[in-house]
Amino acid sequence: MPRDIVVGIDGSTEGLAAAHWAAQEAQRRGTGLGVIHVWHRHARPAPYVPMDSTEREWAEQLLGEAVRSVRAAHPWLRITDRLVCDSTVAGLLEAAADTDLLVLGSRGLGPVGGFLTGSVSQRVVGRSARPVVLVRAGRSAADEHLPSTDGVAPEEIPQTPYRHVVLGLQTDRPCDELIEFAFDAARRRGTGLSVVHAFRTAFRPAPVPSVPLVSATPEGPAPVSWPHAQALADEERTVAAVLRPWREKYPTVPVTETVTEGRAAVVLVRAAQDGGLLVVGRRGLDHRVGVFTGPVTHAVLHHVGCPVAVVPHG
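Since we're looking at a predicted model, the values are computed, not measured. (Residues numbered from 1 in each chain as written. Predicted model: local features only at pLDDT ≥ 70, side-chain atom pairs only at ≥ 80, totals over all residues. Heavy atoms only, no water.)

K.L.:
Can you break down the overall build of the protein chain residue by residue, with the values?
P.N.:
What the protein chain contains, in helices and strands, is eight helices and twelve strands. For the protein chain, the residues scored as buried account for 48% of the 314 residues in total. Sequence-distant contacts in the protein chain: of pairs separated by 6 or more residues, those separated by 24 or more amount to 76%. Here the protein chain displays about 15,500 Å² of accessible surface, and carbon together with sulfur accounts for 55% of that area. (Helix = DSSP H or I, 4+ residues; strand = E, 2+ residues; numbered from the N terminus. Buried < 20%, exposed > 50% of the residue type's maximum accessible area, 1.4 Å probe, protein only. Contact = heavy atoms within 4.5 Å. Areas by Shrake-Rupley, 256 points an atom, 1.4 Å probe, with all protein chains shown as cover.)

Next up, the structure:
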């Protein structure tokens, strides 16, 4: 049985956007939603706490406001709240261990510490054994759907097609958890999956004449030399082989494959511009203190506007 989704809130607009995104995801999965707020006592009263309130009372107020906002928008969703006194990272990691998905706000510094990308959120992403989705402030239900030329009323949003899910795929190590997460996300949304694989070659085009070939790049057809064309063909075959069993497992999910030479972060940021969700991987677990999300994940968390799911694998 699927477990409830958990969202961490911190009093910021990013945290509230994450809570509403998590509520929508819980409805798609048929689960409940757990809203958690982690706070900790300070030796001296924190400057953001009102003079007539204790730190705990202020934490309770922030949690209550977030829960009321989500309940108003999703009256039929089962919602539980949880107040935890602990360090922010430890409290969120403990919450993640009890769920299939943890959702956080990104690039926001809230009144109680926030989940500033490069700080708390990246430490949680780098150490969580469960997938973590980061959501920016200002994201709404309509942003996950394709725009309508005639406009759309709020009650009509669920009937509007979803934007596609984008999967950043590496093929040098097994990543079943990552691929399944992306296919399942696309299936639940009834939309397509765009699989993007970027690679780099150590050689450059030969200066001797060669038979003109065409590369498959987002910018359109472009002549390439034989060594590069061979490398591209090899990478395309590898991607197709990796995805073949998943296409068979999820036959209703339309899949497009884009294989191109270039920097993975740049390619993924471009590919996610019109996407509703970007799915990237993180290898293994690193329990050391610090930020260990990997350069590609670190880059997309800073530059991609849509929600980003980081899935540990391998």
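There is more to say after this.
K.L.:
Explain the sheet that holds strand β4 (residues 102–105) to me, using residue names and the numbers behind them.
P.N.:
Taken together, the ten strands give an open sheet; going across it, the order is β3-β2-β1-β4-β5-β12-β11-β6-β7-β10, and neighbouring strands pair in mixed fashion. Strand pairing shows two members of the sheet lacking a second neighbour, β3 (79–85) and β10 (255–261), which therefore form its edges. Neighbouring strand axes in the sheet, compared pairwise and without regard to direction, differ in orientation by 25° on average. Bridge count between strand β2 (residues 33–39) and β3: seven bridges; the pairing is parallel. Paired with L33 across the strands is I79, a residue of β3. Strands β1 (5–8), β2, β3 and β4 of the sheet are contacted by helix α3 (residues 88–97), whose axis makes an angle of about 160° with β2. (Pairing = 2+ DSSP bridges. Axes fitted to C-alpha atoms, helices over the stretch in contact; angles between N-to-C directions.)

K.L.:
Just give me the short version of the packing of helix α1 (residues 13–29) against helix α5 (residues 176–189), but keep the residues and values in it.
P.N.:
Between α1 and α5, whose axes approach to 10 Å, the crossing angle comes to 80°. Taken together, the axis directions place α1 and α5 in an arrangement best described as roughly perpendicular. Between α1 and α5, the residues in contact are W21, E25, R28 and R29 and F181, R188 and R189, respectively. For the contact of α1 with α5, the residue count by class is two nonpolar, no polar and five charged. (Parallel < 35°, antiparallel > 145°, perpendicular 65-115°, else oblique. Nonpolar A, V, L, I, M, F, W, Y, C, P; charged D, E, K, R; others polar.)

K.L.:
Give a description of the nonpolar core that names residues and reports values.
P.N.:
One broad trend across soluble globular proteins is that nonpolar side chains are buried collectively. Among the nonpolar cores identified, the biggest contains 49 residues, and V7, L33, V103, L167, F183, L193 and V279 are the most heavily contacted of them. Apart from the residues lying within four places of it in its own chain, the contact partners of L33 are D4, I5, V7, A19, A22, A23, A26, V70, L77, R78, I79 and T80. Ranked by size, the runner-up nonpolar core spans 30 residues in total, among them V120, V124, V196 and L268. (Core = buried A, V, L, I, M, F, W, Y, C linked by side-chain atoms within 4.5 Å.)

K.L.:
Tell me what's going on with the packing of aromatic side chains, and back it up with residues and numbers.
P.N.:
Remark: the centre distance and the inter-plane angle together describe each pair of aromatic rings, the angle taken between the planes. Taken as a whole, this structure holds one aromatic pair when the rule is applied. If you follow R28 out to its NZ or CZ, it ends over the ring of W21, 5.8 Å from the centre. (Phe/Tyr/Trp six-rings, centres within 6.5 Å; stacked < 30°, edge-to-face > 60°. Lys NZ or Arg CZ within 6 Å of the ring centre and 35° of its normal.)

K.L.:
Account for the pattern of salt bridges, naming residues and giving values.
P.N.:
Considering all chains together, one arrives at 14 salt bridges under this definition. One salt bridge in this structure joins D184 and R187, with 2.8 Å as the shortest N-O distance. Of the two residues, D184 and R187 both sit in helix α5, three residues apart, roughly one turn of that helix. A salt bridge links E257 to R247; the nearest nitrogen and oxygen atoms lie 2.8 Å apart. Of this pair, E257 sits in strand β10 while R247 sits in helix α6 (residues 226–249), and the two are ten residues apart along the sequence. (Salt bridge = Lys/Arg side-chain N within 4 Å of Asp/Glu carboxyl O.)

K.L.:
Tell me about the pairing of β1, and please be specific about residues and values.
P.N.:
Note on strand geometry: in a regular strand, side chains alternate between the two faces of the sheet. Here β1 shows a buried face lined by I5 and V7 and a second buried face lined by V6 and G8. With four bridges connecting them, β1 and β2 associate as parallel partners. Bridging across to β2, V7 finds its partner in V35. A crossover links β1 with its parallel partner β2, the connecting element being α1, and its sense is right-handed. With two bridges joining them, β1 and β4 adopt parallel strand pairing. Bridge pairing links V6 to L102 in β4. (Right-handed = clockwise from strand over helix to strand, strands pointing away.)

K.L.:
If you had to explain the confidence of the model for the protein chain to someone new, which residues and values would you point to?
P.N.:
Here the protein chain shows a mean pLDDT of 84. Residues at 70 or above account for 80%. The weakest mean pLDDT in the protein chain belongs to strand β8 (residues 213–214) at 49; the strongest belongs to strand β6 (residues 165–168) at 97. Confidence over residues 286–291 falls short of pLDDT 50; this stretch has nine contacts with residues more than four positions distant or in other chains. (pLDDT = per-residue confidence, 0-100.)

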